[in-house]
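Here's the letter readout for the chains.
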Amino acid sequence: MEIQTSENRIRDWHFLLFLFSGAFLFFSFLMWCAPYSSDDLEFAALNCSTLKEYAHFALYYGNGRFLGNLCSVLLSNFKLLCVLTKAFVLSSGIVLIPLALGLRDKCCFLLSFILVTAMEPNVFGEALTWTSGFSNYVWPIWISLVIFLLIQWYPTVKAPIKPFIFLAVPILGVASQLFIEHSSGVNGLLAFCFTVYYWK
């Protein structure tokens, strides 16, 4: 029985790897073909040569979204980095959604892929292909999924790993606040509840 369970787990991971790889290639091609628009053009025209200059621009842009701004300007100025980052975040997000919800059926992962790729075109364009939209809207969701997954793993991981998860959750919760405002309450409250619940 244990051998069968182990074999099933291997098959599951092979399926997830196949799904992630296929989604990664799909989004890489799509994001490579996507043109710059709106703020992307402004950020791509910046005359910055060092990370410090990019960070200074992001910090004083005026909307409080430091990490969102920094991600936007960096991705807008480095096309390959932009393509690979978007492809990785979206592909891993498709896998993270069912995992964070405690779903393990293959159909759930396929449904996750369909729901993301079949998004309404205007929303897809504003949230995914538009680099500034992606930087401010998608990253906080991805962080929330990671937090949910870490919370699920916490009771079952080995003791030496638990302190790292214990620290990672509130750090991720605070970091998400620097992407967009409405994630502050969600991830901040989640990190607080997690910290209090597992405090020993």
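The structure this text deals with has already been given above.
Residues numbered from 1 in each chain as written. Predicted model: local features only at pLDDT ≥ 70, side-chain atom pairs only at ≥ 80, totals over all residues. Heavy atoms only, no water.

Now for the layout of surface pockets. A probe matching the size of a water molecule, rolled over the atoms, marks out where space remains unfilled. One number sums up the size of the largest pocket: a volume of about 400 Å³. Taken together, 15 residues line the largest pocket, and the ones lying closest to its centre are Asp-12, Trp-13, Leu-16, Leu-99 and Arg-104. At seven residues, helix 1 (residues 2-33) tops the list of elements feeding residues into the lining of the largest pocket. Reported here for the second largest pocket is a volume of approximately 270 Å³. (1 Å grid on protein atoms, 1.4 Å probe; cavity = no way out; pocket = protein on both sides within 12 Å on 5 of 7 lines; lining within 4 Å. Points joined across faces, edges and corners; volume = space filled by probe spheres on them. Helix = DSSP H or I, 4+ residues; strand = E, 2+ residues; numbered from the N terminus.)

Inspection of the secondary structure assignment puts Ser-92 in helix 5 (residues 79-100). Residue Ser-92 is classed as buried on the basis of its relative accessible area of 9%. Setting aside residues up to four positions removed in sequence, Ser-92 forms contacts with Phe-20 and Trp-142. (Buried < 20%, exposed > 50% of the residue type's maximum accessible area, 1.4 Å probe, protein only. Contact = heavy atoms within 4.5 Å.)

When a protein is soluble and globular, its nonpolar side chains tend to lie buried together. Grouped together as the largest cluster of nonpolar side chains are 38 residues, with contacts concentrated most on Phe-27, Leu-90, Phe-109, Leu-128 and Phe-134. Ranked by residues supplied to this core, first place goes to helix 5 with 10 residues. Those residues in contact with Leu-90, other than ones at most four positions away along the chain, are Phe-27, Met-31, Leu-128, Phe-134 and Val-138. Counting residues in each nonpolar core, the second largest holds six residues, with Cys-48, Tyr-54, Ala-58 and Val-73 among its members. (Core = buried A, V, L, I, M, F, W, Y, C linked by side-chain atoms within 4.5 Å.)

Bringing the packing of helix 4 (residues 66-77) against helix 8 (residues 131-153) into the picture now. As a packed pair, helix 4 and helix 8 sit with axes 8 Å apart at the nearest point and diverge in direction by 140°. Classified by the angle between their axes, helix 4 and helix 8 sit oblique to one another. Of the two elements, helix 4 crosses helix 8, and the hand of that crossing is right-handed. Contacts between helix 4 and helix 8 involve Gly-68, Asn-69, Cys-71, Ser-72, Leu-75 and Ser-76 on the former and, on the latter, Thr-131, Ser-132, Phe-134, Ser-135, Asn-136 and Trp-139. Here the contact of helix 4 with helix 8 is built from residues that sort into four nonpolar, eight polar and no charged. (Axes fitted to C-alpha atoms, helices over the stretch in contact; angles between N-to-C directions. Parallel < 35°, antiparallel > 145°, perpendicular 65-115°, else oblique. Left-handed = near helix turned anticlockwise from the far one by under 90°. Nonpolar A, V, L, I, M, F, W, Y, C, P; charged D, E, K, R; others polar.)

It is worth stressing that arrangement in space is one thing and function is another; only the former is reported here.
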